[in-house]
Amino acid sequence: MTPRIEIDTVTKYFGTKLVLDRVSLSVARHEVLCLIGASGSGKSTLLRCVNRLIAQDYGTIRLDGVPIDDPVFGKTGLQQRAGIVFQAYNLFPHMTVLDNITLAPRRVHGLPRPEAEARGHEMLARFGMADFARAYPEQLSGGQQQRVAIARALMTRPDVLLLDEITAALDPELVGEVLAIIRGLKDEGMTMMIVTHEMGFAREVADRVAFLSEGAILEQDTPERLFGSPQEPRTQAFLRRIIASGRL
Amino acid sequence: MTRPASAQGGQTERARRGPPPPPPKQGFDWRAAALPSAIGATSIAVVFGALAWIVTSADQWPRIKAQFFSLEAMVAAFPRVLQGFWVNIQVWLTVLACILAWALVLAVVRSLRAPWCAPFRLMVVIYIDIFRGVPVLLLVLLFGFGIPALNLPGLPNSGLFWGGVAMVLSYAAYVAEIYRSGIDAVHEGQRAAAKSLGLSEWQTLRHAILPQALRNVVPALMNIVVALQKDVALLSVIGVRDAVREAQIYTASTFNYSSLIVAAGLFLLATIPMARLADYLTRRDRMRRLQMAA
């Protein structure tokens, strides 16, 4: 069966700095892939390439076998099918929670406001945010904002969810509520690519973990094997540092 | 032997009583405030008193007083100057509305990133360079005297109209740069979020960037609004009968300059409250940013 996401020898430079070095990966339907690695190893860049926030210099990324720059997707088809959630939430501060999450359905996908808002209320209720539809982002805690951001990414019913260090900006006691949502999405069968520093979470939720170093994938395996008996010296060194800092 | 026991006793007693009460709220202490206030008042009295003494002790002061500060002349000139000032206000508001709209167009064009917008971006850059580089007064003279002389068909021929156009063109160059700074100040993550949702570049600007950018630049715009209010007086050089022009007309017929003081007073009456409003908005904006950063 065609993988949901297929990343084929993708290379990306920022100026003359190589940030992605012939990365190849595939993510099957309903699979959860965690990307781990030190800061600056290219994890976020790779994620952003998948929904074309950044265009790769070489290589191809396919969604269900179709290259993501194929005209089939039109202007907004790819964004509809691959949602992304950012570390800093990036909610629109001048809009209410409801307007934040209904903006794309209304303006991009032409859903009439009543339908978009009905779907929005439904989505908020699902994430325990039903009472906050009329609130502004700055009135919410970090965990609540991130839940809204996830809701916003799910409003167009995407096939793939890309999560870019979504708990990195949160206070420790708020991380749990966000991770619980991701667990729920995994149980529903959402295909996800997750960049994370929460190794415990990666171990628990991932079907597969890929370790990136200096823009290249050094190793990918099941969480048991990658965390339990990493093969590459650099993976071992990285995991030792993580364990030393008490994050695994 | 006794010392640790008593220390321990003190601790348990404190624990039993609960935390100490909050410190009493400090009231206004007249005695503490009296000396600084007295020093302040005295130094103000001394400095301003000295200035007043220097001015009024000048040989020519009585003559200056009669020419510039004659109450009689002020009362006589007031109706005409006020009428002129009404023109100032009308021109100011009309020109202001045009500036805000035209500058927004310029700023939006300048911040469009699509490659095919390049020629338009370049045009805006050149426009801004030209109109920021030429003194407003010069533009008012050129437009106010030059274009009506062309007798263009279908266009108004009044100096007021073309002088106003000159002000709009010139001020819009500044305001466009203010808008642009506001657009640039919106965090890149907002663009990324909008793009990731599938919004087009125009939709991103319209729904995500501009509302935040405009809110960011309100304090800076207020200063422009105040400056513009005064600069409307430049139109008097091309014969628009505003407050300054009316005051000059009075001066020319009576050789008394008190009418100019009347005009100055009217301008102050309008600009000082606006400057305070600008300060208030700036402060509020600062608080908002601090809260957001916290």
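Residues numbered from 1 in each chain as written. Chains lettered and ligands numbered in written order. Predicted model: local features only at pLDDT ≥ 70, side-chain atom pairs only at ≥ 80, totals over all residues.

1. Details of the overall build of chain B
- A tally of helices and strands in chain B yields 11 helices and zero strands.
- Ordered by position from the N terminus, the helices and strands of chain B form the series α-α-α-α-α-α-α-α-α-α-α.
- Relative to the compact-globule value of 19 Å for 294 residues, chain B shows a C-alpha radius of gyration of 30 Å, a clear excess of over 25%.
- Judged by the C-alpha coordinates and their principal axes, chain B covers about 105 × 70 × 25 Å.
- The 294 residues of chain B split such that 29% are buried. (Helix = DSSP H or I, 4+ residues; strand = E, 2+ residues; numbered from the N terminus. Rg over C-alpha atoms; globule rule 2.2 N^0.38 Å. Buried ≥ 20, exposed ≤ 12 C-beta atoms within 10 Å, placed from the backbone.)

2. Quick word on the overall build of chain A
- Counting its secondary structure elements, chain A contains nine helices and 10 strands.
- Relative to the compact-globule value of 18 Å for 248 residues, chain A shows a C-alpha radius of gyration of 18 Å, a close match.
- Along the longest, intermediate and shortest principal axes, the C-alpha atoms of chain A span 55 × 45 × 35 Å.
- Counting only residues that meet the buried cut, chain A has 44% of its 248 residues in that class.

3. Describing the interface of chain B and chain A
- Taken together, the contact between chain B and chain A spans 17 residues of the former and 18 residues of the latter.
- Broken down by secondary-structure element, the contributors of at least two residues to the side of chain B that touches chain A are helix H8 (188-196) and helix H9 (201-231) of chain B. (Contact = placed C-beta atoms within 7 Å.)

4. Re the environment of B:Ala252
- Position of B:Ala252 among the secondary structure elements: in helix H10 (residues 243-254).
- Here B:Ala252 falls in the exposed class, since 9 other C-beta atoms lie within 10 Å of it.

5. What about the nonpolar core?
- Grouped together as the largest cluster of nonpolar side chains are 128 residues, with contacts concentrated most on A:Leu35, A:Ala151, A:Met193 and B:Val175.
- Beyond its immediate stretch of four places on either side in the chain, B:Val175 contacts B:Ile99, B:Leu100, B:Ala103, B:Leu221 and B:Ile224. (Core = buried A, V, L, I, M, F, W, Y, C linked by C-beta atoms within 7 Å.)

6. So, the pairing of strand S1 (residues 5-14) of chain A
All names here are of chain A.
- As paired strands, S1 and strand S2 (residues 17-27) are joined by seven bridges and run antiparallel to one another. Of the residues in S2, the one forming a bridge with Glu6 is Ser26.
- Turn length for the S1-S2 hairpin, with the two strands adjacent in sequence and antiparallel, is two residues, and the turn residue Gly15 shows positive phi of about 65°.
- As paired elements, S1 and strand S4 (residues 58-63) share five bridges and run antiparallel to each other. What sits directly across from Thr11, in S4, is Tyr58. (Pairing = 2+ DSSP bridges.)

7. A few points about the environment of B:Asp231
All names here are of chain B.
- Inspection of the secondary structure assignment puts Asp231 in helix H9.
- Residues Asp231 and Ala73, 158 residues apart in the sequence, show an inter-C-alpha distance of 25 Å.
- When residues no more than four places from it in sequence are discounted, the contact partners of Asp231 are Val136 and Met167.

8. Comments concerning the packing of helix H4 (residues 71-111) of chain B against H10(B)
All names here are of chain B.
- Interaxial distance between H4 and H10 falls to 7 Å at its minimum, and their mutual angle equals 150°. By the angle between their axes, H4 is roughly antiparallel relative to H10. The element H4 and its partner H10 pack so that their crossing is right-handed. Contacts between H4 and H10 involve Ala73, Ala77, Arg80, Val81, Gln83, Gly84, Phe85 and Asn88 from the former and Ala243, Arg245, Glu246, Ala247, Tyr250 and Thr254 from the latter. (Axes fitted to C-alpha atoms, helices over the stretch in contact; angles between N-to-C directions. Parallel < 35°, antiparallel > 145°, perpendicular 65-115°, else oblique. Left-handed = near helix turned anticlockwise from the far one by under 90°.)

9. Notes on helix H2 (residues 30-56) of chain B
- The terminal C-alpha atoms of H2(B) lie 37 Å apart, and with 27 residues this matches the ideal 39 Å at 1.5 Å per residue to within 8%.
- For H2(B), a buried count of zero out of 27 residues is recorded, marking the element as mostly open to its surroundings. (Expected span 1.5 Å × (residues − 1).)

10. A word on the sheet that holds S2(A)
- Strands sit in the order S2-S1-S4-S5 (chain A) across an open sheet of four strands; the sheet is antiparallel. At either end of the open sheet lies a strand with only one pairing partner, and these are S2 and strand S5 (66-67) of chain A.

11. With respect to the pairing of strand S7 (residues 160-164) of chain A
All names here are of chain A.
- The element S7 is extensively covered by neighbouring structure, given that five of its five residues are classed as buried.
- The side-chain alternation of S7 yields two buried faces, one formed by Val160, Leu162 and Asp164 and the other by Leu161 and Leu163.
- Chirality of the crossover, the property in question, places the unit of S7, helix H6 (residues 172-187) and strand S8 (residues 191-195) among those that are right-handed. (Right-handed = clockwise from strand over helix to strand, strands pointing away.)

12. Some points on helix H4 (residues 113-126) of chain A
All names here are of chain A.
- Its 14 residues place the ends of H4 20 Å apart at the C-alpha level, agreeing with the 20 Å of an ideal helix rising 1.5 Å per residue.
- All of the buried residues along H4 are Ala116, Gly120, Met123 and Leu124. Take H4 and look down its axis: the buried residues cluster within an arc of 95°, on one side only. Exposed side of H4, more than 90 degrees from the buried face: Pro114, Glu115 and Glu122 are the residues found there.
- Buried residues in H4 make contact with helix H3 (97-108) and helix H5 (142-154).
- Following H4 by one or two positions, Gly128 has its phi on the positive side, about 70°. (Arc of directions from axis to C-beta.)

13. Considerations on the confidence of the model for chain B
Residues and elements named next belong to chain B.
- A residue-level look at chain B finds 94% of positions with pLDDT of 70 or above and a mean pLDDT of 87.
- Taken element by element, the predicted model of chain B shows its lowest mean pLDDT in helix H1 (residues 2-17) (58) and its highest in H8 (94).
- Scoring of the predicted complex yields 0.80 for pTM and 0.90 for ipTM. (pLDDT = per-residue confidence, 0-100.)

14. A few points about the sheet that holds S7(A)
Residue and element names in this part refer to chain A.
- Read from one edge of the open sheet, six strands run S6-S7-S8-S3-S9-S10, paired in mixed fashion. Looking along the sheet, the strands with just one partner apiece sit at the ends: strand S6 (82-85) and strand S10 (216-221). Here the strands of the sheet are splayed against their neighbours by 20° on average, with no regard to which way each runs.

15. Details of the environment of A:Tyr13
All names here are of chain A.
- Structurally, the position occupied by Tyr13 is in strand S1.
- On the basis of neighbour counts, which here come to 14 C-beta atoms within 10 Å, the residue Tyr13 falls in the partly exposed class.
- Separated by 44 residues in the primary sequence, Tyr13 and Asp57 place their C-alpha atoms 6.9 Å from one another.
- Residues contacting Tyr13, with those up to four places away along its chain left out, are Leu18, Val19 and Asp57.

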